[in-house]
Each structure stands twice: as structure tokens, then as C-alpha cells.
Amino acid sequence: MTTQPTIIARTVVRTVVPIILLTAIALVLQGHNLPGGGFIGGVLTATAFALVYISYGSEYLVQALLSGAEGAEGTGAETESIQAESRFLSGAIGTYTRMFAFGLALAAGSGVVAVVLGVPFLTQAVALVHHVPIYKELEFASALAFDLGVYFVVVGSLLTILAVVGDE
Amino acid sequence: MQPDPAILLSVLAIPFVGAAMVPLVYRLLGERTAYFAAGIAMLCFVLLLSQYENWGTVTVNWIPSLGVSLVLYLDGLAYLIALLASGVGVLVFVYSGGYMHGEPGRMKYYAALLAFMGSMLGVALVVDLISLFVFWELTSVASFILIGHYQRTPSSLYAARKSMLITVSGGLFMLVGFLILHLVSGQALGGMTFTLIGTEQSLIGIPGEVDNAAAIRGALHSAGLFIPVLVLLAIGAATKSAQVPFHIWLPNAMEAPTPVSAFLHSATMVKAGVYLIGRFRPLFVPEHVVIAEGWTLLFVALGLATMTIAAILAVGAVDIKELLAYSTASHLGLIVAGFGFAEVIGGEAGVFHILNHASFKAALFLIAGIIAHEAGTRSIADLGGLRRDLPVTAIIAVIASLSMAGVPPFNGFYSKEFLFDAAWETAAQTGGVAWVFPVVAVFGSVFTFLYSVRFIMLFFGERPEELGEVHRPPLSMLAPVGVLGLLVLGISISPQTAFNLLVGDAIGSTMLGEHHFKVYFPTKVTPPVLMSTITIVTGLLAYSVYDRLHNGIRRVRSIPPVTANYYYDSTIEGLGRWSNLVPRYVQTRILRTYAAVVLLSVSAIALGGYVVGGAGVSLAAPTLAAPIIIILCVAVVGAIAVSVAPSHIAGVLTLSIVGFMVAVFYVLASAPDLALTQLVIETLVLVIFLLVLDKLPEYYGELKRSRAVVDGLIAGAVGVTVALTVLLTTAAHPNDSIAHFFLERAPVPPNPDPVFVDWGGGGNIVNVILVDFRAFDTMGEISVVAMAALAVLTLIGMRNRGESA
């Protein structure tokens, strides 16, 4: 796509993306009781990034996302072959792959905790906490950790695919 | 006394643990890893020694629901084989410390050799057929790595592939035999079993207490499977023990480093086959018979043929390791023939020769390694007069070779006498054609005598001019040879001691009933003594024409169709050519073909299943609300629009109309979770599609009518299948207990504890199912998602990195 997105599109994206992200997070957190959950939240988050990507390009996305953490480009001192090697292990895609790896580890780890406690793999527990200010009663489900794992896997995977396909 | 389960299990586990530790140890010790490995072998050896005469069974349940358990059984035969594997293992590892100096891939070498030793111990100790098969194939895999040690040499790769193909395919025949035995045991014993021996419910029973062998034989006969099972097992044993015509992998396997040859081809790998024959012998050979039906003819013929043919080929060998390889096949033939005779003395011949052959052949292989290492050549023609350069080695070589030749009073003589005795007795009692047995046995032994003398002559006679300086071997290489030489001498001096300690019990394992085993030096002239005399005299006379025999054999071997290799090579070549044809039709590299094949086969399987299962579909139209009908109509219009879309972009956009309509349908059908997911996914897919489409041409051009028709038919078939599936699955009403369970258990319980596990505690059942009740499924799904991302990453993102463009 050689044509640039219009100013209108960019402005709208700038306003809408935070709202989408907030909605996504809300969907993840409320998933246990209302429509939502890790999968939907993850896909929605990926969509938000896709919007940024389309309107501003991958460079911007990387800079905004990873400002300072690790640049998309290798430092000048590196030889080209090392750049080619590290291109997929650092930079944007590296972050995404690490993200879904983290998600998988989180989901599996939440299951292993159950094994450590002596119940079958992936058994979930729920704890109710009463007399909390404002919320009065709060429910903590161990399933949330698993759901967050799902969320990270989905976001990481979709962004990986998006970035790789977009690079072409 | 029963064996200690912990000790037996650790004997099985220690070599593998050691193999896993090798990379780490190698980093710390470097070349001295050899001594670490020798220590591991020593540990196994000592642990085994502690179990001496603790014969008995150890059962460890493995998969109880399938009746699969790990059954370890320790008796004389298993003990002998395990002791040889670990004992020779110690010597070979020490020897490797000197031999492998400066060789490539030592870390892999030690790890593979340890794993191999562990597999061999497993073959010796386990008696349930499934575990036996697993360890059996593990020895093949480990030997594949060891024989192919020099990965850059084409001949080494050829040798590794050949041994793998032959031994593994033979193992598969054996597996079929095992499964038949398993099935038959159900009728014979009233319950199917995989255990060969050592328990009440085993195929053979407990020797001396329970005898199931006759019942199994009867059941095999009545099912007409007696001969098939025997042949299947024989193929397994023959491929592993390099019996004619499967002996061809053994000479090639000499590509391996010499310690590997010494270990695999004297004491272990090839002994697995003869061990199997000895182990199954009580099952097929009844007590007090001269000829066991099927068994005697099969194994005596196989063994004597191998013994003779391989001995002749050894005389034709030009390389010292090749000579020893053929000699190994020949001696294994002797053992097989010994086991083949139903006479008690046949079992004596087989078992005693297992020990004797391991002692002298391991020594000779290690000597061959010393010669190759120090003289720099293995060609028989280039070697001679080595006794001045390698005096100690020469003495041991003479002793071991005379034992190999069957010259009294060395130990090889005794086991060969047993074989002659068994052959003579069988012939005398049966008469007729059976007289072929003793004649062939003597004929083959003459050639054994010939090549043994030829090996001795490497150390005598004139030293060729071209032979450069020959160094003395390091102590780490000489000491193991010395130990083996002493072992040969020890058994030679007092064979009865070996019988009392080890061999007697092992012979007892290969037959039913009680026997007393004796061995003594013959003082009277008996038929076997006469046969030995004929062998030695003829051998001495024939040695004067050794060169002519050698050349004659080589000339005959140069005609391809005479050799078994010719058939192996042409089979492999033919298979290779045939498999080259496959990609042309299967691997077309056109996505549409793959898609068509996958979709059509899924549809065919599903539809076939419905037809076979007799599924019926009620065509009663469901009542639908007006909004849903409108939505579905729009979706249909979108679908039609897709098929007539003039470009990719238009196609993708119209396709997403269908997707969004489905999402709306979900909303109307009160499934908000699905609707949300569908909406978001649809959006994302659209974005990704548009990103990709940028790269594609606008359209492929004019469509061929015939192709359009075919595609239409495929699409139609898939559509019909999916529609049918939906109708069938939604019409089905199994009992609703699962749905009820979810409905009941998903929310917070009425009077909740502060912490509860049994209830979902969530208002959204879909999500509770996803993350709680069916979390394992979700786990699998997110793994797939991650895998898909990795696949995209490697296929697209990294495609320019490697050689694949």
C-alpha cells in the first residue's frame, strides 16, 4: 500500500486505540462472569495494534511499544550477518515470540502449581474475600492466571504473524 | 534367593543416566571421560556380581490397564549375557581411552556406547516381550550411531544404514511373532500375557514349578501358527546375529572405531540374537527329544550354513577386521546350530561358546585395533612378522587365535567338541539325511582353522619392507587385551570351574528339566575327538594352498549375483528409484492440490462414517425467527458474491460479509462470547488478508471451465459434508448430564467456603469451561496458536536464511 492513510484515520486511531485496549483488558478481567476472556481480549488487543500498524507503520509501532527497551535495528557495530541472525530473536518479533512463550509458561505453570499442591494438573480454585472497601466482596479465581496465559499467547502469536506478514 | 529389585533396576538405569551425564563430564574431564564410562560399566558389573545366584523374577507394573509390566528375570543365561556386556564394557572403555585419542566426536561416542551397553543389559534382563523389543531396537539405534561414527565418510554412512535397515526390519518380524504369541497365550493360559518366563502366567512358566510351554505349543499347533511364529522369531534373531543371508551388514559395520567392533561384534549386539534363541529354546524344545519339530531343522540348517559360508568368506578376506567380522558370523552360526540341536549337549555347545567366543573374539578385535593403530594398516597382505614389534600382543593373539581355531587345550576346543558331539549324536540316533550335520560341521571348521592360522601368521614370517615403524601400544590399550587373554587361559585351564560358576546355570536356562553339566578333556577316542582331529589335520594340510583358496574365493565373490550384497544393493536402489517417483505425484508444490486432497479425504471419511453408522437426518424445517432468516439470507448473498468476485480484494471483502453475518447470527442466538470472538477475529483476518493481498497479482487470469467445474464439485462435497455434520450433531441428544454438570457447577455455590475447588465460581459458563473444566483442551489450543506463530515465523520470516530459497 503506497498511499498514506489520511489524517482523519490517524487521528481516529490515536483516540480509539486506548479505548480498545482498555476494553480488551476489561474483557479479560470480567471474563469469568460476563462475556469476555483471555482469547477475546487477546484478539482485541492484537486488533488494536493492527490498527496502529496500518496507520503509522511498523517502525512507529516498535518505537512506541519498545521505546528504549531494545531497538528494532541492531547497533551499527554489529556485522550484517549478526543482524540477520538477531533480527528474529530481538527487535519487535523477538518481543512477540517471548510474549507467547511467557504466556504458555504462565498457563502451564498455573497448572503445575495445582500439581505441587497435590491435586490434578490444571485444577482451578476460587477464593472469596469479603469486606473489601468499595467492592465489598471480591472473587479471586486461580483461573485468571491461566486466562492471562491464554491472553499473552494470543497477543504474542497474532502480533508475530502480523509483523512477519507485514514485513513482506 | 530373589534378586534385589532396586539393584536390578539400577543396573538398567545407570548406563543411561551415565550417557546423559557424558556431555557434562566431557567438559570437565575431556579425554578421560573414557575412565568415567569405564567406572559406570564397572559399577554395573559389581552390582551384577552382588546378585550372583539370586535367580528370580522382579515385576514392576508399568501400564496396568494394558497388562504391560516391566518384568525382570535373572537366571544363568541372563546373568551370563549381562555380565559379558558390562565386563567387556569396562575393558572396551579403558581401551577407548587410548584408541580414541585425537579422534573426532568423542563425546557422542561415549554417550552412545554407554546407551548401547544399557540397552544390551536391558535385552539380557527383561523378559516381557514389549520391553524386550524396546531394548532390542534400542541396541539397533545405538549401534547405528556407533557404526556411523565417522559421519563424513560415505562408506561409514552406508554401513550404518545397512546395519540399521537389516536389524530393525528383522526386529519388526520378531515383534509380529511376539504379538502372535501374546494372542495365542490367551487361549492356552486363560489370559493373555507378554511375559516370557518367570511368572505363573508366563509363556514358559517358572522352570521347575509351572510348565506352560507345552500348552503354548499345543495352542500354536492348533492355530496353525507354530511354524510361522518360529520363522518370525528366527528372522529377528538371524538379522541381529548376522546369520546367512543377513550376515552382510557385519563386515560393513567394521567401519566403526575398533573398540566398537570389539564390543558390539564379540560380546553384545550380535549376541542378542543367539540369546533370544537360547531364551526361547525351552518354549519350543520339549524335554527328551532328539529332533525338536521345526526348531532343529531350522536352526541347525541356519547355523551350520552360516558357520560354513562365513568361514569360507573369512578365508577370502583381505582386511584383518573383515576377517574377524566374517569369523564372528561363523562362530555365531556355531552357537545357533548348537541351540538348534535338541540334545542337552547342543545347549552346552551354544552357551559355552557364547562365553568362549566373547573372550577370544573381543581380544582379537582389540588386537586388530592395536595393529591398525600402531602399524597404520589393516590389510592382511601388508602385515607380517609383527612379533618383534608387538611381543606381548603376539602371545595373546596366538592364544586367542588357537582358541578360535578350536585347537586343544584352549577353550574354543571344548565348545566345538560339544557341537561335534551334538551333531554326531543327532545323526546317530536319527540316521539318514541327518549325517549331513556332522559332515558340514567339520567342513566349516576346517575353514575356521585356516583363517585362524592366517591371523597368527600376521605375527610370524617375514616383515614386509614397506611396513613402517610400529610403536608399542599404550598401557590402556594393552591391559584390556591382557585381561581377555588371561580369561581365555583361565577357562582353558579349568573349564569345569567356568561351568560350576557360570555356564552350568546358563545352560540350565536354555532347556527344561534338571541336568548336570560336565566338561573334561577327552582321554578316549570318541567320534567328536575324531572329528576335531580331522579338522586340524585337514586344516594344516590345506594351509599350504591358502593363497590359492583365498584367490579362488575372491574370484567367485567378484560375480555379483553370487553375493547377498548384490540383492541388498539392488533392492535399496530399486526402492530409492521408486520413492523418487512419489513426489512427482504427491508433492506437487501446488497448494490447491494439497487442499483438495485434505478436504476430500476428510469429507470421504466423515460421509463414509455416517453411511456405515447408519445416521439419519430429519428434514423437518426448524422454526426460525425473522431476523435470523434475514441475516442468513444476507450471508448467502455474500457467499454467492464471493464466487463471482472479480478480484482478490473484492473476494476478501465479500467473504467478510459472510463472517460478520455469522457474528450477528451469534448475537441473535444469544451467544455473546462467540459473537465477540467472531467479530474481532473477522476484523483481524481481514487486515491480515489485505496485507498479504498487496503482494499478490490482482487475478490469475482467465479461469478454465473444467477446473471451475472440478473445484465447484469439491466445494459442493465439502459443503454437503459440513451441513450434514451440523444437522447430525445438533439433532443428537445424548443424555444431558454433561450440560447439566456444567450448568450446576460453573457458578459460585450457594453457601461458599472462602476457598473452593469443586465449583467454577464464575457467571460465564463458556469461560469457566474454557479455563477450568476443560482447561487441558485450552492448553492444547494455545499451544497450537503458538505453534502456528512459530510456523509463520520460520516459513516466511526465516525463509531466506538457510539454503532453502
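Because the structure is predicted, anything quoted here is derived from the model rather than measured. (Residues numbered from 1 in each chain as written. Chains lettered and ligands numbered in written order. Predicted model: local features only at pLDDT ≥ 70, side-chain atom pairs only at ≥ 80, totals over all residues. Heavy atoms only, no water.)

**Points about the overall build of chain B**
Which entries qualify depends on this criterion: The way it works is that DSSP assigns letters per residue, a run of H or I at least four long becomes a helix, a run of E at least two long becomes a strand, and they are numbered from the N terminus. Only protein chains enter the area calculation, which uses a 1.4 Å probe; residues under 20% of their type maximum are buried, those over 50% are exposed, and those in between are partly exposed. The contact criterion used throughout is that any non-hydrogen atoms of two residues lie within 4.5 Å. Charge convention: Lys and Arg are scored as positive, Asp and Glu as negative, and His as well as the terminal groups of each chain are ignored. By convention, the point assigned to a charge is CZ for Arg, NZ for Lys, CD for Glu and CG for Asp.
For chain B, the count of helices and strands is 30 helices and three strands. With the principal axes as the frame, chain B shows a C-alpha extent of 110 × 65 × 60 Å. Looking at the 805 residues of chain B, the share that counts as buried comes to 51%. Taking contacts inside chain B between residues at least 6 apart in sequence as the whole, the part at least 24 apart equals 76%. Looking at charge distribution, chain B has the averaged site of its 39 positive side-chain charges lying 12 Å from that of its 46 negative ones.

**Quick look at a nonpolar patch on the surface**
Test applied: Patches in this entry comprise residues that are over 30% relatively accessible and not in a salt bridge; like charges within 9 Å are linked, as are nonpolar side chains (Val, Leu, Ile, Met, Phe, Trp, Tyr) within 5 Å. Accessible surface is estimated by sampling points in the Shrake-Rupley manner with a 1.4 Å probe; for residues, cover comes only from the protein chains shown. For this analysis, a salt bridge means a side-chain nitrogen from Lys or Arg found within 4 Å of a carboxyl oxygen belonging to Asp or Glu.
A cluster of nonpolar residues, V112(A), V115(A), V116(A), F121(A) and F776(B), forms a patch on the protein surface that exposes about 470 Å² of accessible area. Here the nonpolar patch gets three residues from one element, more than from any other, and that element is helix α5 (residues 91-116) of chain A. Position of F121(A) among the secondary structure elements: in the loop between α5 and β1 (126-132).

**Some words on the pattern of salt bridges**
Pairing between side chains of opposite charge can happen when the charged atoms of each approach one another. All names here are of chain B. Evaluation of the coordinates by the stated rule reveals eight salt bridges over all chains. One salt bridge in this structure joins R378 and D319, with 3.1 Å as the shortest N-O distance. Of the two residues, R378 is situated in the loop between α14 (344-375) and α15 (391-405) and D319 in the loop between α12 (295-315) and α13 (320-340); the sequence distance between them amounts to 59 residues. Here R378 falls in the partly exposed class, since its relative accessible area comes to 27%. Assessed through its relative accessible area of 16%, D319 is described here as buried.

**So, the sheet that holds strand β2 (residues 136-141) of chain A**
What counts here: One bridge is not enough; two strands pair if DSSP finds at least two bridges between them.
Taken in spatial order, the three strands of this open sheet run β2(A)-β1(A)-β3(B), and their pairing is antiparallel. For this open sheet the edge positions go to β2 of chain A together with β3 (755-756) of chain B, each flanked by a neighbour on one side alone. Across two bridges, β1(A) lies against β3(B) in antiparallel orientation. Residue V126(A) lies in a different strand from β3(B), and its bridge partner there is F756(B).

**A few points about the packing of aromatic side chains**
Residue and element names in this part refer to chain B. Keep this limit in mind: Aromatic rings from Phe, Tyr and Trp, with only the six-membered ring used for Trp, were paired whenever their centres fell within 6.5 Å, and each pair was classed as stacked if the ring planes differed by under 30 degrees, edge-to-face if by over 60, and tilted otherwise.
In total, this model carries 32 aromatic pairs over all chains according to the counting rule given. Aromatic side chains F413 and F521 sit 6.0 Å apart centroid to centroid with 45° between the ring planes, which places their arrangement in the tilted category. Of this pair, F413 sits in helix α16 (residues 411-430) while F521 sits in the loop between α19 (495-509) and α20 (527-543), and the two are 108 residues apart along the sequence. The exposure class of F413 is buried, given its relative accessible area of 4%. The class for F521 is partly exposed, based on a relative accessible area of 42%.

**Observations concerning α16(B)**
Because an α-helix packs 3.6 residues into every turn, residues spaced three or four apart end up facing the same way. Residue and element names in this part refer to chain B. Put simply, the test is: A helix is expected to span 1.5 Å multiplied by its residue count minus one.
For α16, built from 20 residues, the straight-helix expectation of 28 Å at 1.5 Å per residue is met to within 8% by its first-to-last C-alpha distance of 29 Å. Among the 20 residues that make up α16, 14 are buried, leaving the element largely enclosed by the rest of the structure. In the segment just after α16, G431 is the residue with positive phi, at about 75°.

**Overview of the UniProt feature "domain: Na+/H+ antiporter MnhB subunit-related protein" (unreviewed entry) in chain A**
Selection rule: UniProt positions are given in the numbering used here, feature names are shortened, and annotations may be inferred rather than shown by experiment.
Mapped onto the present numbering, the UniProt feature "domain: Na+/H+ antiporter MnhB subunit-related protein" (unreviewed entry) falls at residues 8-67 and 96-159 of chain A. Taken as a whole, residues 96-159 of chain A contains 59% helix and 20% strand, while its terminal C-alpha atoms sit 6 Å from one another.

**Here we look at the pairing of β2(A)**
Look at any regular strand and the pattern is simple: side chains alternate between the two faces of the sheet. Residues and elements named next belong to chain A. Summarising the sheet, β1 and β2 pair through five bridges and their orientation is antiparallel. Bridge pairing in β2 links V129 to L138. Counted along the chain from β1 to the antiparallel partner β2, the turn is three residues long, and its residue I134 has a positive phi close to 70°.

**Digging into the pairing of strand β2 (residues 68-74) of chain B**
Residues and elements named next belong to chain B. Of all seven residues in β2, seven are buried; the element is thus mostly enclosed. Side-chain alternation along β2 places V68, L70, L72 and L74 on one buried face and S69, V71 and Y73 on a second face that is also buried. Bridge analysis of strand β1 (residues 56-63) against β2 gives seven bridges, and the strand direction is antiparallel. Looking across to β2, one finds that N61 is bridged to S69.

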